[in-house]
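# Architecture at a glance
Below are the chains, spelled out letter by letter.
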Amino acid sequence: MTSFKSEFLHTLFQRGFIHQCSDPGALDQALTDGTVTAYIGFDCTAASLHAGSLLPIMMLRWLQKTGHRPIALMGGGTTKVGDPSGKDESRQLLSVEKINENLAGIRRIFDKFLTFGSGPGDAIMANNADWLDQLNYIDFLRDYGRHFTINRMLSFDSVKLRLDREQPLTFLEFNYMILQAYDFLELNRRTGCTLQMGGSDQWGNIINGIELARRADGAQLYALTTPLLTTSSGAKMGKTADGAVWLDGDWLSPYDYWQYWRNTEDGDTARFLKLFTELPLEEIARLEKLEGQEINEAKKILANEATALLHGRAAAERAAETARKTFEEGVLGEDLPVIEIASGELEAGLGLLRALVAANFATSNGEARRAVEGGAVRVNDAPITDVRAMLGPDALNAQGTIKLSLGKKRHALIRPS
């Protein structure tokens, strides 16, 4: 379908979110007739999500903005197993304490995008450990295992790709798709949830849940997936050469987050404006026509709007002003990332390579060495090519900091603590 009556599907289609839908006509009618409850699952593998999770988060946000009820399902139970999708090896198994710690961190991120509460349209944060931890294995196999065939499960991409690459797939991971299907059934029973959304790699798992609910309860459920997102150059969304683009401000500063969006490739700018901002489509269409140097204005707007959604408008404006001062005036902005270094270490002499690693400009001394030898490093705007260079108190400027730069776009301030 290319035409929808419901505001939710119409908005998602116009902005490029929709890849597959199990029964678009029936789902569109359900969304038109009343409030629909929908969920997306997020495993608790880290205490922060990264920008690769923004697409599903924005789907839940649009769901709520158009009058429906979103569920952010935390995988407190399934994280103990590990989703094999897109992986060549098993995920590291985490302790219950670490999973709960990660869940608390992820909750803080969702508070930025969704309104939680007890009203009919308020978002719900559920945890599948609430029901998965209570399952009796034999009873579960007897009641639900008969609804799944090995033949069908082997055909799913998450399994087939691992086997095609001759990578091991443990029986523990093989159970993941059954548990995810059961989540959908359980959420339908508990909350009346009728729609599961996710990336296109989750299509088979979601269909499993639809079929399980139909066979077990005679329920009619729906699936909606987004395209797997990569940049124009083929890079995975949410990843850079320097690591993940974290959504937690303690893991990645608002300034660095702003810079990530500012550095979007030309060919992605309009697409990302549709997916990751709430700007009207008419305004995006105007920005899409910009060419040459003017497209940088569209990228700044993308950075401002995306950062404002996550960190607030004030943080976005500070980041934009810091970038303007740093790149256009050549002076220090107020929002540059600050790296605290013990005063004693600085007085004894801080190695340049150590400083680059501490600022997350390099993941190792070897990588830092290559950056210095390549002429990409500056201290207080002066090029440094000596890999043995030491930074001491004499390098502190009038503000009591040292400006460390990698290339033209990455800057940080080193400050003694």
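Quick notes on the rules
- Within any chain, residue numbers begin from 1 and follow the written order of that chain's sequence.
- The model is predicted, so local features are restricted to residues of pLDDT at least 70 and side-chain atom pairs to those at 80 or more, both for listing and for counting; the totals for chains, interfaces and linings are taken over all residues.
- Excluding hydrogens and water, the side-chain values take into account all heavy atoms of the structure.
- We call a set of buried residues a nonpolar core when its members are Ala, Val, Leu, Ile, Met, Phe, Trp, Tyr or Cys and they connect through side-chain atoms within 4.5 Å of each other.
- Note on classification: 1.4 Å probe, protein chains only; a residue is buried when its accessible area is under 20% of the maximum for its type, exposed when over 50%, partly exposed between these limits.
- Strands here are runs of E lasting at least two residues and helices are runs of H or I lasting at least four, both read from the DSSP assignment and numbered beginning at the N terminus.
- The contact rule is simple, with two residues in contact once any of their heavy atoms fall within 4.5 Å.
- When DSSP finds at least two bridges between two strands, those strands are taken to pair.
- Axis angles are defined between N-to-C directions and span 0 to 180 degrees, where every axis is a line fitted to C-alpha atoms and, for a helix, only to the segment in contact.
- By convention, a stacked pair of Phe, Tyr or Trp rings (six-membered ring in the case of Trp) has centres within 6.5 Å and planes under 30 degrees apart, an edge-to-face pair has planes over 60 apart, and any other such pair is tilted.
- We count a charge as sitting over a ring when the NZ of a lysine or the CZ of an arginine lies within 6 Å of the ring centre and within 35 degrees of the ring normal.
- Given the number of residues in a helix, its expected span is that number minus one, multiplied by 1.5 Å.
- As a per-residue measure, pLDDT tells how confident the predictor is, with possible values from 0 to 100.

## Examining the nonpolar core
- The biggest cluster of nonpolar side chains holds 66 residues, and the ones touching the most others in it are Phe8, Phe110, Trp261 and Phe276.
- No other element matches the eight residues that helix 3 (residues 54-65) contributes to this core.
- Setting aside residues up to four positions removed in sequence, Phe8 forms contacts with Leu31, Met59, Trp62, Leu63, Thr66, His68, Leu195, Met197 and Leu224.
- With 30 residues, the next largest nonpolar core counts Phe140, Tyr182, Leu187 and Ala219 among its residues.

## Comments concerning the sheet that holds strand 3 (residues 69-75)
- One open sheet holds the six strands; their spatial order is 1-6-5-2-3-4, and the pairing between them is mixed. Bordering the open sheet on either side are strand 1 (20-21) and strand 4 (124-127), each of which pairs with just one other strand.
- Taken together, the two bridges between strand 1 and strand 6 (residues 222-226) define a ladder with antiparallel strand orientation. Within strand 6, the residue paired with Cys21 across the bridge is Leu224.
- Set on the sheet, helix 10 (residues 176-191) makes contact with strand 2 (37-43), strand 3, strand 4, strand 5 (195-199) and strand 6; between it and strand 2 the angle comes to about 145°.

## Some details on the packing of aromatic side chains
- Following the criterion strictly, the structure yields nine aromatic pairs and no others.
- Plain terms: the ring middles of Trp261 and Phe272 are 6.0 Å apart, the flat faces sit at 85° to each other, and that makes the pair edge-to-face. Here the residue Trp261 occupies a position in helix 12 (residues 254-262), and Phe272 occupies one in helix 13 (residues 269-276), the gap between them amounting to 11 residues.
- By relative accessible area, Trp261 is classed as buried at 0%.
- Ring pairing ties together the aromatic residues Tyr257, Tyr260, Trp261, Phe272 and Phe276, which thus form one cluster.
- Across the ring face of Phe116, the terminal group of Arg107 is positioned such that the distance to the ring centre comes to 4.2 Å.

## Thoughts on helix 13
- The buried count for helix 13 comes to six of eight residues, which makes it a mostly enclosed element.
- Inspection of helix 13 places Thr269, Ala270, Phe272, Leu273, Leu275 and Phe276 among the buried residues, and these make up the whole buried set.
- Lining the buried residues of helix 13 we find helix 1 (7-15), helix 3, helix 12, helix 14 (281-288) and helix 15 (295-311).

## Some points on helix 4 (residues 96-113)
- Between its terminal C-alpha atoms helix 4 stretches 26 Å, which fits the 26 Å expected from 18 residues at 1.5 Å a residue.
- Taken together, the buried positions of helix 4 are Ile99, Asn102, Leu103, Gly105, Ile106, Ile109, Phe110 and Phe113.
- Packed against the buried residues of helix 4 are strand 2, helix 3, strand 3, strand 4 and helix 15.

## Thoughts on the confidence of the model for the chain
- Counting all residues, the mean pLDDT for the chain is 86, and 89% of those residues have values of 70 or more.
- Confidence drops under pLDDT 50 across residues 86-90; counting only partners more than four residues distant or on other chains, this segment forms nine contacts.

## Topic: the pairing of strand 2
- Counting buried positions along strand 2 yields six of seven residues, so the element is predominantly enclosed.
- Summarising the sheet, strand 2 and strand 3 pair through seven bridges and their orientation is parallel. In the strand pairing of strand 3, Ile40 is matched with Ala72.
- Of the strand pairs in this sheet, strand 2 and strand 5 are connected by two bridges, and their pairing is parallel. Paired with Tyr39 across the strands is Gln196, a residue of strand 5.

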